[in-house]
Amino acid sequence: MSITTLAAVAVSIPIIGAFVVLAVGRWRNVREAVSLITATTLFLVVYSMLEPVRAGGSATWNIIEVVPGVSLGVQVEPLGLLFALVASFLWIITTLYAIGYM
C-alpha cells in the first residue's frame, strides 16, 4: 500500500471509529472494545508508514481545493509522522486508563 493510501486510511480510521462508538453507545463493553480496536488499528497504520518515510518517501494527499491554488490536505513527513506515532500510542494508553471512568 502506498504512503498516500495509508495517510487516507489513517485520517478515516478515527472518523469511522467515532461513528461506530456512537452506534453501539448503549453497550458499554462493546463501546470500549471498539474504541480500543480503533486506537490500535490507527497505531498500526501509522507505524506501517514509518519504513517508507525513513527511506526518504513522502506523500501529499490533497483532500479538497478550497479556492484555486489553495488546497486542504495531508502531508506525511518525518516529524509529523513521529507526532502521529506518539499521539496514536497515547490514544491506546488513554483508552485503557479511561475504561473504568467512561
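Higher on the page you've got the structure.
Bear in mind the structure is a predicted one, so any value in this text is a computation, not a measurement.

(A) Focus on the overall build of the protein. A count of helices and strands for the protein gives four helices and two strands. Beginning at the N terminus, the succession of helices and strands in the protein can be written as α-α-α-β-β-α. When its C-alpha atoms are laid out on the principal axes, the protein stretches across 45 × 30 × 20 Å. Counting only residues that meet the buried cut, the protein has 25% of its 102 residues in that class. On the protein, roughly 6,900 Å² of surface is accessible, and the fraction owed to carbon and sulfur atoms is 71%. The distance from the centre of the 4 positive side-chain charges to the centre of the 4 negative ones in the protein is 20 Å.

(B) Summary view of helix α1 (residues 3–23). Compared with the 30 Å implied by 1.5 Å per residue over 21 residues, the 30 Å span of α1 between its first and last C-alpha is a close match. S12 marks the point of greatest bend in α1, at about 30°, and the proline P14 comes within the next four residues. Buried within α1 we find I3, L6, A7, A10, I13 and G17. Each element contacted by the buried residues of α1 is listed here: α2 (28–48), α3 (50–54), β1 (59–67) and β2 (70–76).

(C) Seen up close, helix α4 (residues 78–98). The terminal C-alpha atoms of α4, which comprises 21 residues, lie 30 Å apart, in line with the 30 Å expected from a rise of 1.5 Å per residue. Within α4, burial applies to L81, L85, S88, I92, T95 and A98. Structurally, α4 contributes buried residues whose contacts are with α2 and α3.

(D) The pattern of salt bridges, seen in detail. One pass over the structure, following the stated rule, counts two salt bridges. Here R28 and E32 are joined by a salt bridge, their closest N and O atoms 3.3 Å apart. Taken together, the positions of R28 and E32, both in helix α2 and four residues apart, correspond to about one turn of that helix. Where R54 meets E51, a salt bridge forms, and the shortest distance between an N and an O atom there is 3.3 Å. On the criterion of helical spacing, the pair formed by R54 and E51 is a turn pair, its members being three residues apart in helix α3.

Cut-offs used in this document
Residues numbered from 1 in each chain as written. Predicted model: local features only at pLDDT ≥ 70, side-chain atom pairs only at ≥ 80, totals over all residues. Heavy atoms only, no water. Helix = DSSP H or I, 4+ residues; strand = E, 2+ residues; numbered from the N terminus. Buried < 20%, exposed > 50% of the residue type's maximum accessible area, 1.4 Å probe, protein only. Areas by Shrake-Rupley, 256 points an atom, 1.4 Å probe, with all protein chains shown as cover. Lys, Arg positive; Asp, Glu negative; His and termini not counted. Charge placed at Lys NZ, Arg CZ, Asp CG, Glu CD. Expected span 1.5 Å × (residues − 1). Bend = angle between axes of the 7 residues up to and from the residue. Contact = heavy atoms within 4.5 Å. Salt bridge = Lys/Arg side-chain N within 4 Å of Asp/Glu carboxyl O.

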